[in-house]
Amino acid sequence: MSDEETISVYDAQAEKYANLVSRDTPDQDLQAFIDAMPDGGFALDLGCGPGNSAAMMQDVGLRVAATDASAAMVKLARDKFELDATQATFDDITGSDIYDGVWANFSLLHAPKANMPRHLDAIKTALKPGGIFHIGMKLGTDSARDRIGRMYSYYSEDELKGLLKNAGFTPRSTRKSKDKGLDGTMADYIIVLSNG
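The shown structure was predicted, so the numbers you read here are calculated from the model rather than taken from an experiment.

Looking at this structure, I do not really get the pattern of salt bridges. What am I missing?
Two side chains carrying opposite charge are able to pair once their charged atoms lie near each other. Using the criterion set out here, one finds 12 salt bridges in the structure. Between Asp79 and Lys75 there is a salt bridge, and its shortest N-O distance comes to 2.5 Å. Of this pair, Asp79 and Lys75 both sit in helix α5 (residues 71-81), separated by 4 residues, roughly a single helical turn. Neither Asp79 nor Lys75 differs from the other in exposure class; each is exposed. Put simply, Lys178 and Asp188 hold a salt bridge, and the shortest N to O gap is 3.7 Å. A residue pair is termed long-range when its members are at least 10 positions apart, and Lys178 in strand β8 (residues 170-180) and Asp188 in strand β9 (residues 186-195) qualify at 10 residues. Lys178 gets classed as partly exposed once you look at its relative accessible area, which sits at 48%. Residue Asp188 is classed as partly exposed on the basis of its relative accessible area of 38%. One connected set of salt bridges, linked through shared partners, spans Asp3, Glu5 and Arg145.

The structure is reproduced here in structure tokens:
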């Protein structure tokens, strides 16, 4: 994510966002990701936010690289969960055959649609062969800012799965639902778990 307005919203509302998303135990999506990882595997939490998910991954023995574009989120992840989190954008995904899994839970939805193919290619390259990739996105079309100024790129299920397949991923499970976000509005979303 490199949209400065979106980053500034997360910087300003980091504590509020942490209260919204943090939990004591993994939800069904994080548990499915953890279950698909090898014991002691290495995960990238791409857009780690306040670090709650990365901390729960560490708690079950995974090694985690946690990154976020928001300095305030990185600080929360370090201070609250003692994570070795780093500030980075999607453009900073480099290297090959590094991770057993990549967790991109409602982070890549802030990337411009034109950039999504190259971000997915970089993730596929960074994953070890057969590695697991979790992506959470909001359903819809086009791109727009929400009520508090964050930029979103929306996808249909077919569009997202087409992008994943074009990048070399094989979707293995899909879940759709809706939830209330930081801006207070209900939104439809999709979770896709894929193999690299």
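Having put the structure on the table, let's press on.
Would you mind going over the packing of helix α3 (residues 28-36) against helix α4 (residues 52-59) with me for this structure?
Helix-helix packing: each pair is described by the crossing angle between the helix axes and the interaxial distance. Contact pair α3 / α4: the axes reach a minimum separation of 11 Å and the direction vectors enclose 40°. When the axis of α3 is compared with that of α4, the two are oblique. Between α3 and α4 lies a crossing of right-handed hand. Within the contact between the two elements, α3 uses Leu30, Phe33 and Ile34 and α4 uses Ser53, Met56 and Met57. Class assignment of the residues belonging to the contact of α3 with α4 gives a composition of 5 nonpolar, 1 polar and no charged.

What should I look at first to understand the nonpolar core in this one?
Note that soluble globular proteins tend to have their nonpolar side chains buried in a common cluster. Judged by nonpolar contacts, the single largest core of 38 residues is most densely connected at Leu46, Leu108, Leu120, Ile123, Phe133 and Met137. If one sorts the elements of this core by residue count, helix α6 (residues 116-126) sits on top with 5 residues. Among residues more than four places away in sequence, those in contact with Ile123 are Leu46, Ile93, Val102, Leu108, Phe133 and Phe169.

What counts, and at which threshold
Residues numbered from 1 in each chain as written. Predicted model: local features only at pLDDT ≥ 70, side-chain atom pairs only at ≥ 80, totals over all residues. Heavy atoms only, no water. Salt bridge = Lys/Arg side-chain N within 4 Å of Asp/Glu carboxyl O. Helix = DSSP H or I, 4+ residues; strand = E, 2+ residues; numbered from the N terminus. Buried < 20%, exposed > 50% of the residue type's maximum accessible area, 1.4 Å probe, protein only. Axes fitted to C-alpha atoms, helices over the stretch in contact; angles between N-to-C directions. Parallel < 35°, antiparallel > 145°, perpendicular 65-115°, else oblique. Left-handed = near helix turned anticlockwise from the far one by under 90°. Contact = heavy atoms within 4.5 Å. Nonpolar A, V, L, I, M, F, W, Y, C, P; charged D, E, K, R; others polar. Core = buried A, V, L, I, M, F, W, Y, C linked by side-chain atoms within 4.5 Å.

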